[in-house]
Amino acid sequence: MAKHPAPLPLDEQTVPGGAAEASSAAPSRRSFLGVGAALAGGAGAGLVGYGLGNSQTGVAPSAVAAASSEGAAPDAPWAGSVIPFIGAHQAGISTPPQAHATFVALNLTPGVGQDGLRRLLRQWTNDASRLQRGIPVLGDPQPDLASPPSRLTVTVGLGRGALAEAGLLERAPAWLAPLPAFSIDKLEQRWNEGDVLAQVCAEDPIVLAHAVRALLLSATGIATVHWQQRGFRRPVTSTSAMRNLMGQVDGTVQPVAAELEQSVWIGADGPDWLRGGTSLVLRRIRMDLDTWDALDPQAKEQVIGRRMTSGAPLTGTKETDVPDLAATRDGLPVIPEFAHIRHAAVTTAGQKILRRPYNFDDTPAAGSSAEAGLLFAAFQADPVRQFVPMQQRLAAGDLLNFWTTPIGSAVFAILPGPAEGEILGQALVG
């Protein structure tokens with residue numbers, strides 16, 4: 001993982017000032033009457049502190065806004081950055097990860113069929129194409145929250161249940177199904193699978209929350225929320241490596257750009273409607289931080305096989321150094337047989353996965369100091385060929401399993417990017 005801030009990717013566009021389009025429509029007479037009625041009913045006193053006036057200073061809200069904007073610091077460099085929605089692949093996969101992510105899985109309402117799925121994908125296509133440019137969705141109740149675009153991406157995928165409801169199950173790839181059981185799993189149904197997925201990422205959590213809300217409103221009457229998981233990581237401009245909440249440098253080994261066609265994107269050997277798409281395996285992994293914190297740094301490094309400070313393998317000096325799994329010292333492996341990186345290692349390009357992990361930190365249960373862990377998002381062309389063998393090795397011999405427990409698992413077919421004038425899933429639902 002890069003340790004120095006890199007320029008924003010060339011496929012990102014910058015909107016001056018962070019705003020793409022703004023509505024100039026004047027308030028309607030009805031809106032004035034509505035506010036007047038609320039004030040007449042005594043609600044005005046409760047609204048004073050929320051922008052209709054200031055009982056302490058008597059300063060008009062417009063004056064306060066003008067004063068604050070005059071002295072405001074310029075936006076962060078990512079604020080006006082737009083990641084294009086149209087393209088061969090959806091954004092939010094090989095895109096440099098944003099600081100905040102929400103993964104939300106929905107279940108289609110029984111009986112909506114293929115028409116309902118088509119309507120949802122059409123609506124989300126329209127919504128995502130606007131939101132990624134910092135433009136409010138049609139009928140947006142909070143249009144000011146849509147900007148600045150903040151590197152927002154919306155990535156849409158389908159679970160096996162979506163194809164079943166649409167009567168298209170015969171077109172599902174064999175891997176679009178729950179993963180096989182692993183001995184380390186303690187899965188909770190509330191975090192498993194789902195019919196439709198939206199992965200929404202942004203640097204600004206307010207822009208992100210607004211986008212998720214807009215997508216869910218568009219799904220009204222077609223689908224309902226099955227689960228929602230929120231994660232965070234360091235921003236794209238950070239000079240520090242991504243770390244998980246165990247303190248480990250996370251997501252080091254990644255396919256390089258030249259390997260994406262072979263390891264991530266689905267090609268001619270996949271279903272026609274998925275060419276240019278990929279698969280997502282999302283694993284919710286709980287961490288036992290209470291017992292992990294009791295280990296000394298040297299013990300932690302033996303468990304991982306990397307230095308806690310730099311992320312370098314125990315046989316190297318830099319994070320990007322290739323681990324020497326054959327190296328020995330005094331007759332013993334330098335990287336222990338039980339070390340995490342030994343069992344996670346993949347040397348064949350076509351077997352690599354694209355890791356895009358996010359931390360989570362939720363309200364702890366009684367008697368615990370943390371309910372935290374990792375939303376391990378892995379993109380690959382074929383989970384059965386790539387993800388499953390790696391997970392089987394980890395389940396069999398990784399000592400890290402003593403401190404980590406998978407409690408959620410889901411597999412989705414991530415749709416190709418839409419061409420101009422098309423909707424997401426055009427080749428599947430027409």
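All figures in this text were calculated on a predicted structure; none of them were measured in a lab. (Residues numbered from 1 in each chain as written. Predicted model: local features only at pLDDT ≥ 70, side-chain atom pairs only at ≥ 80, totals over all residues. Heavy atoms only, no water.)

Honestly, empty space enclosed by the protein in this entry has me stumped. Any pointers?
In this approach a probe as big as a water molecule rolls over the atoms, and the regions it shows empty are the leftover space. In total, this model carries one cavity of 30 Å³ or more according to the counting rule given. For the largest cavity, the calculated volume is near 30 Å³. The residue makeup of the lining of the largest cavity, split by class, is three nonpolar, two polar and two charged. (1 Å grid on protein atoms, 1.4 Å probe; cavity = no way out; pocket = protein on both sides within 12 Å on 5 of 7 lines; lining within 4 Å. Points joined across faces, edges and corners; volume = space filled by probe spheres on them. Nonpolar A, V, L, I, M, F, W, Y, C, P; charged D, E, K, R; others polar.)

Help me out: how do you make sense of the packing of aromatic side chains in this one?
Aromatic ring pairs: the centre-centre distance and the angle between the two ring planes describe each pair. Enumeration according to the criterion identifies five aromatic pairs in this entry. Geometrically, the ring pair formed by Trp227 and Phe412 is edge-to-face, given 6.5 Å between the ring centres and 70° between the ring planes. Of the two residues, Trp227 is situated in strand β6 (residues 223-232) and Phe412 in strand β13 (residues 404-414); the sequence distance between them amounts to 185 residues. Residues Trp227 and Phe412 agree in their burial class; the two are buried. When the ring of Phe376 is compared with that of Phe387, the centres are 6.5 Å apart and the planes differ by 45°; the resulting orientation is tilted. Of this pair, Phe376 sits in strand β12 (residues 371-380) while Phe387 sits in helix α11 (residues 387-397); the two residues are eleven residues apart in sequence, bridging distant segments of the chain. Taken together, the ring pairs in this structure connect Trp292, Phe402 and Trp403 into an aromatic cluster. We note Arg233 situated over the ring of Tyr358; from NZ or CZ to the ring centre the distance is 5.7 Å. (Phe/Tyr/Trp six-rings, centres within 6.5 Å; stacked < 30°, edge-to-face > 60°. Helix = DSSP H or I, 4+ residues; strand = E, 2+ residues; numbered from the N terminus. Buried < 20%, exposed > 50% of the residue type's maximum accessible area, 1.4 Å probe, protein only. Lys NZ or Arg CZ within 6 Å of the ring centre and 35° of its normal.)

What is the right way to look at the side chain of Arg355 in this model?
Position of Arg355 among the secondary structure elements: in strand β10 (residues 354-355). Here Arg355 occupies a buried position and makes no salt bridge, while the nearest side chain of opposite charge, Asp250, is found at 6.1 Å. Looking at Arg355, its side chain comes within polar contact range of the main-chain oxygen of Val253, at 3.0 Å. (Lys, Arg positive; Asp, Glu negative; His and termini not counted. Salt bridge = Lys/Arg side-chain N within 4 Å of Asp/Glu carboxyl O. Polar contact = N/O pair within 3.5 Å; in protein donor to acceptor, adjacent residues only side chain to side chain.)

Looking at this model, I keep getting lost on the packing of helix α4 (residues 113-131) against helix α6 (residues 205-218). Mind explaining?
Two measures define how a pair of helices packs: the angle their axes make with one another and the distance between the axes. Interhelical geometry of α4 versus α6 gives an angle of 155° and a closest axis separation of 9 Å. Between α4 and α6, the interaxial angle falls into the category roughly antiparallel. Seen from above, α4 lies across α6 with right-handed handedness. Residues Leu120, Gln123, Trp124, Asp127 and Leu131 of α4 pack against His210, Ala211, Ala214, Leu215 and Ser218 of α6. Here the contact of α4 with α6 is composed, by residue class, of six nonpolar, three polar and one charged. (Axes fitted to C-alpha atoms, helices over the stretch in contact; angles between N-to-C directions. Parallel < 35°, antiparallel > 145°, perpendicular 65-115°, else oblique. Left-handed = near helix turned anticlockwise from the far one by under 90°. Contact = heavy atoms within 4.5 Å.)

Got a minute to help me understand the pattern of salt bridges in this structure?
Where charged atoms of side chains with opposite charge meet at close range, the side chains can pair. According to the stated counting rule, one finds 13 salt bridges in the structure shown. The closest approach of N and O atoms between Glu188 and Arg190, which form a salt bridge, is 2.8 Å. In this structure Glu188 comes out as partly exposed when scored by relative accessible area, which is 22%. Its relative accessible area of 49% is what places Arg190 among the partly exposed residues.

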